[in-house]
Amino acid sequence: MTSRRGLATGIASVAGLALSLLALPVTPASAAPAQPSADPQATAIAAADRVAAAGAVGLRKSSSESLHRVSTTLGDAGLYYNSYERTYDGLRVVGGDAVIVADGTGRVRGTDSAEGAAITVGTTPTVDAARAASVARGQLPTVSKVSKPDLVVLGGAQPKLAYEVVVAGRTAKAPSNLHVFVDAATGKVLDQRDDVKAESPAKTGTTAAAPAVAGTGNSYYVGQVSIDTTGSGSSYSMRDPNRSGISCGRENGSVFTKSSNTWGNGSGTDLETGCVDTLYSVQTEWNMLKDWLGRNGIDGNGRGFPASVGLNDVNAYWDGSSTHFGHSQDNQRQATSMDVVGHEFGHGIFQNTPGGAGSGNENGGLNESTGDIFGALTEFYANNAKDKPDFEVGEGVNLVGRGPIRYMYDPNRIGDPNCYSSSIPNTEVHAAAGPQNHWFYLLAEGTSPSDGQPTSPTCNNSSVTGIGIQKAGKIFYNGLLHKTSSWNHKAARKATLQAAVDLFPGSCVEYKATKAAWDGVSVGAVSGEATCNSEPPKDNDFSVELSPTTATVEPGASAKSTVTTKITNGNAQQVKLTASGLPSGATATFSPDTIQSGATATVTIATTASTPKGTSKVTITATGANATHTSDFTLVVGSGTPPGCGGIAAWDSNTFYGPGDVVSHNNHKWTSTWYSVGAEPGAPGSWAVWTDNGAC
């Protein structure tokens, strides 16, 4: 994963598609706070979108690429994590995702992008879609459905033009929803990614609103509990009325219904009882996410997913859109204990954070570990006397008669690795969960807990002091919001260290514990990772101002302004001056164009006879070695009245436009077909983002 953060990170201009795009700086948390916004999320999104459109350093790797936002998640510390997908010549790039972090004042706090080389592939396949579908079909022994092949670019170290085909069916041991990537040039399989995340390792709809009521559930694992159900009178169902998408029913059947609102008989073999445990657990997990982590539902946007019990298998799994629970090997218990339910829905959280589910064994191990961590968080939040919280996975289910299937405090107890090594990328995914599970335990509890939890070894023979599971959960989750599709242990270390700094400003206790825990599982230091000294960073910095800040000229005339820089912290640095947002036909010249901070320069903005009348906001960007700042200059050409068209808003060089936006410019009506800032309708190359609807 490529990460950009801090004062030294600027925004590069983009030449792709001959567009002139607004350049904005990435500003640090330590910068002077901006004025509060009435809508912090909208402000953060706008800032992130502008950075994406401008092609921030590390985000865009070729002129044919574009980024578009797919989700925004509010984390702690007032930070908004904006997830973007990449396209290349209009094709979706699998593994080309990025995250832009911004706060509610519009400051961009960092960027992360999936690792991969610049894309230079052709976009015309030599293998047809029918052959790709046939190749994909052959990857499963039992096939129930094959999707229409989708032509994509498969990113990574060696990008390839490929078909993505989703094949539904079964492997020899479990259900499968397999994404197969077929080389569009050779017909060979390049990669496979299965939505189904099974609990058992290989080595062994929405309905009309109804009244919300609290039902009585007789569970197997936690005794009698209250569960949220839907219904009234003599008609009730195990559909959650308060948590959209959450329900429980029989495998391959319908949601449980009955005439009373009392559910289950407490038996381990009763399926309705299994649904009591499942509903109680996922409702508890939902509450934990809200109260401890500030997350809105399993998907982060107020929605969850259905569950079913009665799977005829010694297993439980997540299939990408629902959870399925089987039974223990002796068939005496449903696999619906709180940690197992929390684990399976944890896969849903992993999939619905930036970067999606990803692929590969190391990524898969982190996915499995994420499930275990959310299972443990849910148990500790519930603090149920009949199922006391712990860091063992599936001990109550006793899936195959050997007790827990994983020990987070000592994964090696069942042969899984405690420590990260170069073999992890080739380790079976459930075993590969070991290092991050071990890290989380060390962060939460330390090596020698004082609360009755077991001692835990480290890989470097160090001692670690835990910070408690709630703080550990916050750091883990906010780190997860930096995730990209190339997620690995090094990226997780870097992200969680940054999260510790963001979440606990002015304190290094949490940061040091996070670092010590990663060191303790042999995940070493990463280039560019956050540091902490208990004080705000004191890097070299400067300010920039313009005088005057506005001018009115006739077409063909010029305007001048003095650019003044002042050192605000540290030492002087070299500063490069540039301008963006100029109207058509106008140019900006700086004298000189490079200065030392603390010095001044003059900018001359010259128009031509063809420069259209109207008002433009010209952004002067001062890019230094350690910081980047901007200042705006308002240029009025002629009367200042833009050439509008019957009430249609005139195009503004500083406005961020998306598909469907309509503007007027040069007495024509234009419709936006893509994302842009400063791309003038009618200019060379503007066909890529604007459609001319004719004169008006």
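All values derive from a computational prediction rather than experimental measurement. (Residues numbered from 1 in each chain as written. Predicted model: local features only at pLDDT ≥ 70, side-chain atom pairs only at ≥ 80, totals over all residues. Heavy atoms only, no water.)

A.B. asks: I'd like a description of the confidence of the model for the protein, backed by residues and values.
C.D. replies: Per-residue confidence for the protein gives a mean pLDDT of 86, with 87% of residues at or over 70. Note that residues 201-210 has pLDDT below 50 and, in this model, 11 contacts with residues that lie over four places away or in other chains. (pLDDT = per-residue confidence, 0-100. Contact = heavy atoms within 4.5 Å.)

A.B. asks: Before we move on, could you go through the packing of aromatic side chains and cite the residues and values that matter?
C.D. replies: Counted under the stated rule, the structure contains 12 aromatic pairs. Taken together, a centroid distance of 4.4 Å and an interplanar angle of 15 degrees make the contact between W439 and W518 stacked. Of this pair, W439 sits in helix α6 (residues 434-445) while W518 sits in helix α9 (residues 509-520), and the two are 79 residues apart along the sequence. You can call W439 buried: its relative accessible area is 0%. On the basis of relative accessible area, W518 is assigned to the buried category, the value being 0%. (Phe/Tyr/Trp six-rings, centres within 6.5 Å; stacked < 30°, edge-to-face > 60°. Helix = DSSP H or I, 4+ residues; strand = E, 2+ residues; numbered from the N terminus. Buried < 20%, exposed > 50% of the residue type's maximum accessible area, 1.4 Å probe, protein only.)

A.B. asks: Account for the side chain of T273, naming residues and giving values.
C.D. replies: Summarising the element assignment, T273 is placed in helix α3 (residues 271-293). On the accessibility criterion, T273 (0% relative accessible area) is buried. Setting aside residues no more than four positions away along its own chain, T273 makes contact with N218, S219, Y220, G264, N265, G266 and S267.

A.B. asks: Lay out the sheet that holds strand β19 (residues 316-318) with the relevant residues and their values.
C.D. replies: Ordered by their spatial adjacency, 5 strands build an open sheet running β11-β19-β20-β18-β15, and the pairing between neighbours is mixed. Edge positions in the sheet fall to β11 (197-198) and β15 (248-250), since each has one partner strand and no second. As judged from the 3 bridges shared by β19 and strand β20 (residues 323-325), these two strands associate in the antiparallel manner. From the neighbouring strand, A316 faces β20, where its bridge partner is F325. Its contacts with the sheet place α3 against β15, β18 (307-309) and β20, and it is angled at close to 150 degrees to β18. (Pairing = 2+ DSSP bridges. Axes fitted to C-alpha atoms, helices over the stretch in contact; angles between N-to-C directions.)

A.B. asks: Summarise α3; cite the residues concerned and give the values.
C.D. replies: Taking 1.5 Å per residue, 23 residues should reach 33 Å; α3 reaches 32 Å between its end C-alpha atoms and fits that length. The element α3 is largely enclosed, with a buried count of 19 among its 23 residues. Among the residues trailing α3, G294 stands out with phi positive, at a value near 75 degrees. (Expected span 1.5 Å × (residues − 1).)

A.B. asks: Tell me what's going on with the state of the cysteines, and back it up with residues and numbers.
C.D. replies: A full pass over the atoms with the stated rule returns 3 disulfides. Paired by a disulfide, C508 and C532 hold their sulfur atoms 2.1 Å apart. Linking C508 and C532, the disulfide has an S-S dihedral of approximately -95 degrees and is accordingly described as left-handed. Here C508, found in the loop between α8 (489-503) and α9, pairs with C532, found in the loop between α9 and β23 (541-547); they are 24 residues apart in sequence, far enough to count as distant. A residue is classified by how much of its surface remains accessible, and C508, at 6% relative accessible area, is buried. The class of C532 is partly exposed, set by a relative accessible area of 25%. (Disulfide = S-S within 2.5 Å.)

A.B. asks: Would you mind going over the packing of helix α5 (residues 361-382) against α6 in detail, with residue names and values included?
C.D. replies: Running from N to C, α5 and α6 point in directions that differ by 35 degrees, and their axes come no closer than 9 Å. Residues L366, S369, T370, D372, I373, L377 and F380 of α5 touch α6, and the partners they reach there are Q436, N437, F440 and E445. Grouping the constituent residues of the contact of α5 with α6 by class yields 5 nonpolar, 4 polar and 2 charged. (Nonpolar A, V, L, I, M, F, W, Y, C, P; charged D, E, K, R; others polar.)

A.B. asks: I'd love a proper account of unusual backbone geometry, names of residues and values included.
C.D. replies: In this structure, the amide linkage connecting S547 to the following residue, P548, adopts the cis form with an omega of -5 degrees. Relative to the assigned elements, P548 resides in the loop between β23 and β24 (550-553). The residue after S591, namely P592, is reached through a cis peptide bond having omega -10 degrees. Here P592 is to be found in the loop between β27 (587-591) and β28 (594-596). Look at S522: it is not a glycine, yet its phi comes out positive at around 70 degrees. As for its placement among the helices and strands, S522 is situated in the loop between α9 and β23.

A.B. asks: Can you lay out the sheet that holds strand β25 (residues 558-569) for me, pointing to particular residues and giving the numbers?
C.D. replies: Across the sheet, 4 strands lie side by side as β23-β25-β29-β27; this open sheet has antiparallel pairing. Of all strands in the sheet, those with a lone pairing partner are β23 and β27, marking the two edges. On average, each strand axis in the sheet is inclined to that of its neighbour by 25 degrees, with strand direction left out of account. Bridge count for β25 against strand β29 (residues 600-606) is 7 bridges, and the pairing is antiparallel. Each residue of the ladder has a partner; that of V563, found in β29, is A601.

A.B. asks: If you had to explain the pairing of strand β33 (residues 662-665) to someone new, which residues and values would you point to?
C.D. replies: In the sheet, β33 pairs with strand β34 (residues 668-672) via 4 bridges, with the strands oriented antiparallel. Across the sheet, the residue bridging to V662 is T671, located in β34.

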